[in-house]
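Report on the structure
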Number of protein chains: 2
Amino acid sequence: MSAATHQSTRQTPHEVFAGYLAANRLKITPQRRLLLDIFLAEPGHVSSEELYAKVKRREPAIGQATVYRTLKLLAECGLAQAVSFADGLTRYEPQFGVEHHDHLICEACGRTIEIVDPVIERRQEELAQRYGFSLARHKMDLYGLCPDCRQDGRKTSR
Amino acid sequence: MSAATHQSTRQTPHEVFAGYLAANRLKITPQRRLLLDIFLAEPGHVSSEELYAKVKRREPAIGQATVYRTLKLLAECGLAQAVSFADGLTRYEPQFGVEHHDHLICEACGRTIEIVDPVIERRQEELAQRYGFSLARHKMDLYGLCPDCRQDGRKTSR
DNA sequence: GTAGCTGCAAACGTTTTGCTGGTTG
DNA sequence: CAACCAGCAAAACGTTTGCAGCTAC
């Protein structure tokens, strides 16, 4: 729990979103509100398609295009951040009030585990300080093989 | 044997590639050799299309599919690494003979310092093992403000 | 009322795949 | 000579865009 950035402004995500929309003369619609809600309820990184599937359960009439467009808006106003895992899919992760995390990624099956290690987090701070940097954020992805894919051992026959 | 973490062996890239192909009963072809050469001559990250264009100048008959397929092979044997910049394009960067390092990046002036911290490296291994993963490689970028940019909000020199 | 929105479907650009003749080991 | 590969073109994939009617402001 080392939330290094305590802001005095305590806007809710919805306020942030509404503010951004208003500032750009865009409109608040039921779809956008719903998408924000469901997006924020997601634990980790979501692809557009995954979000589309979840939203569709509550609002079957919604279209994929709306999901794509809204995710882009969320990224623009800082509520979401686009991350890529080199699997041809763009994923978004909530940036508001969500605990930071890193990724442990299986290169074989694409499975991704979110991890946070206090030792590493602290060490990163120390490292940055050693170089006189003030650290704002970081990104760490570990690539390897998950337990399942290690056992499969489909290669190196003989 | 996923060949991604062979740093101690002094194999040339061509040897690595040939070894990987042989181990999987795949064949060495002129196209694959040419693609490896041109790929290694690239300074940074290349997209499949960029590589295709360059290869085509030397071997006009080559097809895009071959480039895609070969890049995938290079990634499998650890000579290339796929990176995504969230622009809908998969890029590959050469991984051979390059010392691993992480990045400390100034968000104001773009200055980048290459770092390696043994404590973090070791801890990453431990973390992966805890989840049953075998770790092949990782990527860590720390973002913040460098000493110069901390002192004055100027977005100076570089 | 008007600018902006939605859902649909078609368009788009990248990557993959099926096929056939040719090449490697 | 058997397995694998190349090139081609079509398919598949995720994402964007044009449109006509609808909605928030």
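To be clear, the structure that these remarks concern was listed above.
Everything numeric in this text was worked out from a predicted model, so none of it was measured. (Residues numbered from 1 in each chain as written. Chains lettered and ligands numbered in written order. Predicted model: local features only at pLDDT ≥ 70, side-chain atom pairs only at ≥ 80, totals over all residues. Heavy atoms only, no water.)

Some words on helix α2 (residues 30-41) of chain B
Residues and elements named next belong to chain B. Stated formally: Every helix listed is a DSSP run of H or I at least four residues long, and every strand listed is a run of E at least two residues long, numbered separately from the N terminus. One less than the residue count of a helix, multiplied by 1.5 Å, gives the span that helix is expected to have. Between buried and exposed lies partly exposed: a residue is buried under 20% and exposed over 50% of the maximum accessible area for its type, with that area taken using a 1.4 Å probe on protein chains only. Here, residues are in contact when the closest pair of their heavy atoms is within 4.5 Å.
With 12 residues, α2 ought to run about 16 Å at 1.5 Å a step, and its terminal C-alpha atoms sit 17 Å apart, in line with that. All of the buried residues in α2 are Leu34, Leu35, Leu36, Ile38 and Phe39. In this fold, the buried residues of α2 make contact with α1 (13-23), β1 (46-47), α3 (48-58), α4 (64-76), β2 (80-84) and β3 (90-94).

A short note on unusual backbone geometry
Residues and elements named next belong to chain A. The backbone of arginine 25 sits at a positive phi, close to 55°, despite the residue not being glycine. Along the polypeptide, arginine 25 turns up in the loop between α1 (13-23) and α2 (30-41). For arginine 25, a relative accessible area of 72% corresponds to the exposed category.

Concerning the protein's contact with DNA strand D
Just so we agree on the cut-off: Throughout, the term near means that a residue has one or more heavy atoms lying within 4 Å of the molecule or strand in question. We define a polar contact as two N or O atoms separated by no more than 3.5 Å, with the added condition that, inside protein, one atom must be a possible hydrogen donor and the other a possible acceptor, whereas residues neighbouring each other in sequence contribute only through side-chain atom pairs.
Around DNA strand D lies a shell of 23 residues, among which A:Lys72, B:Lys27, B:Thr29, B:Arg32 and B:Thr66 are the nearest. The sugar-phosphate share of atoms of DNA strand D within 4 Å of the protein amounts to 76%. Between DNA strand D and B:Gln31, the relevant distance is 2.8 Å, taken from a sugar or linking oxygen to a side-chain nitrogen or oxygen of the residue. Between a phosphate oxygen of DNA strand D and a main-chain N or O atom of B:Gly63, the distance comes to 3.2 Å. Broken down by secondary-structure element, the contributors of at least two residues to the surface near DNA strand D are α4 (64-76) of chain A together with α2 and α4 of chain B. At 4 residues, the largest contribution of residues to the surface near DNA strand D is made by α4(A).

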